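Next come the chains, spelled out residue by residue.
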Amino acid sequence: MPSVSVIIVSYKVRYYIEQCVDSVLRSLPDAQIIVIDNASADGSVEYLRSRFPQIEVIANPENSGFGSANNIALQHAEGRYVLFLNPDTVVAEETLPGCVNFMDENPGVGALGVRMQYGNGRFALESRRSVPTPRVSFYHMSGLGRLFPHSRRFGR
């Protein structure tokens, strides 16, 4: 059984997906990688199958949407942990082994997020999200989170 099943939803991102899959394989070579393609017409499915015969590529006959595609792929996951990954992501080599070690050492943890960076090295603010409660959503939607990013209350 693989330690991690990586699920990637693909839709017309042939040029991004290769970098994403390559980075996952460098970070965790034994990961189960499942790419579900939402009816792209750019040759993504054929390209992925020929370039990466070791990964599972599911050709969704219709664009069922991001959430639905993730649920379809989740039925194929065999890993102890599941990672939902956007296709425009490049994973650093030490990231996935570090996450697996952390989860193994902390059995009470149910979910894990990582610090994300843009290609230029700048911190990606979207990697510091809180649990999406109605209150937190209000702070975000009203702009209070942007006005007071360091506030313990509004900056969550």
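Refer to the structure printed above.
Caption draft 1: The arrangement of the overall build of the chain in detail. Within the chain one finds 6 helices and 4 strands. Shown N-terminal to C-terminal, the secondary structure of the chain runs as helices and strands in the order β-α-β-α-β-α-β-α-α-α. Overall, the C-alpha framework of the chain stretches about 50 × 35 × 30 Å when taken along its three principal axes. Burial analysis of the chain (156 residues in total) assigns 34% to the buried set. Across the chain, every contact between residues at least 6 apart in sequence was considered, and the portion connecting residues at least 24 apart equals 62%. Split by element, the accessible area of the chain, about 9900 Å² in all, is 54% carbon and sulfur. On the chain, the mean spot of the 15 positive side-chain charges and the mean spot of the 15 negative ones are 15 Å from each other.

Caption draft 2: Seen up close, the layout of surface pockets. Roughly 1400 Å³ of volume is contained in the largest pocket. Around the largest pocket, the lining comprises 35 residues; the ones closest to its centre are Leu83, Leu85, Thr89, Val114 and Met116. Going through the elements one at a time, strand S1 (4-10), helix H3 (66-74), strand S4 (81-85) and helix H4 (95-105) are the ones with two or more residues in the lining of the largest pocket. Looking at side-chain class alone, the lining of the largest pocket contains 22 nonpolar, 9 polar and 4 charged residues.

Caption draft 3: Just the sheet that holds S4, in detail. Taking strand neighbours across the sheet as the criterion, the 4 strands line up as S3-S2-S1-S4 in an open arrangement whose pairing is parallel. Every other strand in the sheet has two partners, leaving strand S3 (56-60) and S4 as the edge strands with one partner each. Neighbour-to-neighbour, the strand axes of this sheet turn through a mean angle of 20°, independent of strand direction. Where S1 meets strand S2 (residues 32-38), 6 bridges bridge the pair, whose relative direction is parallel. For Ile8, the partnering residue across the bridge sits in S2 and is Val35.

Caption draft 4: The arrangement of the pairing of S2 in detail. In terms of burial, S2 is a largely internal element, 7 of the 7 residues being buried. Burial of the side chains of S2 extends over both faces: Gln32, Ile34, Ile36 and Asn38 are buried on one face and Ile33, Val35 and Asp37 on the other. In the classification by handedness, the crossover that spans S1, the intervening helix H1 (residues 14-27) and the parallel S2 is right-handed. For the handedness criterion, the β-α-β arrangement of S2, helix H2 (residues 44-51) and S3 is classed as right-handed.

Caption draft 5: A look at the environment of Ile72. Positionally, Ile72 belongs in helix H3. Residues in contact with Ile72, not counting those within four places in the same chain, are Ile36, Asn60 and Ser64.

Caption draft 6: Structural view of H4. Turning to H4, its buried residues are Leu96, Cys99, Val100 and Met103. Taken down its axis, H4 places every buried residue within 100° of arc, on the same side.

Caption draft 7: Layout of the pattern of salt bridges. Evaluation of the coordinates by the stated rule reveals 4 salt bridges. The salt bridge involving Glu93 is made with Arg26; its shortest N-O contact spans 3.8 Å. Of this pair, Glu93 sits in the loop between S4 and H4 while Arg26 sits in helix H1, and the two are 67 residues apart along the sequence. The class for Glu93 is partly exposed, based on a relative accessible area of 48%. On the basis of relative accessible area, Arg26 is assigned to the partly exposed category, the value being 47%.

Conventions used here
Residues numbered from 1 in each chain as written. Predicted model: local features only at pLDDT ≥ 70, side-chain atom pairs only at ≥ 80, totals over all residues. Heavy atoms only, no water. Helix = DSSP H or I, 4+ residues; strand = E, 2+ residues; numbered from the N terminus. Buried < 20%, exposed > 50% of the residue type's maximum accessible area, 1.4 Å probe, protein only. Contact = heavy atoms within 4.5 Å. Areas by Shrake-Rupley, 256 points an atom, 1.4 Å probe, with all protein chains shown as cover. Lys, Arg positive; Asp, Glu negative; His and termini not counted. Charge placed at Lys NZ, Arg CZ, Asp CG, Glu CD. 1 Å grid on protein atoms, 1.4 Å probe; cavity = no way out; pocket = protein on both sides within 12 Å on 5 of 7 lines; lining within 4 Å. Points joined across faces, edges and corners; volume = space filled by probe spheres on them. Nonpolar A, V, L, I, M, F, W, Y, C, P; charged D, E, K, R; others polar. Pairing = 2+ DSSP bridges. Axes fitted to C-alpha atoms, helices over the stretch in contact; angles between N-to-C directions. Right-handed = clockwise from strand over helix to strand, strands pointing away. Arc of directions from axis to C-beta. Salt bridge = Lys/Arg side-chain N within 4 Å of Asp/Glu carboxyl O.

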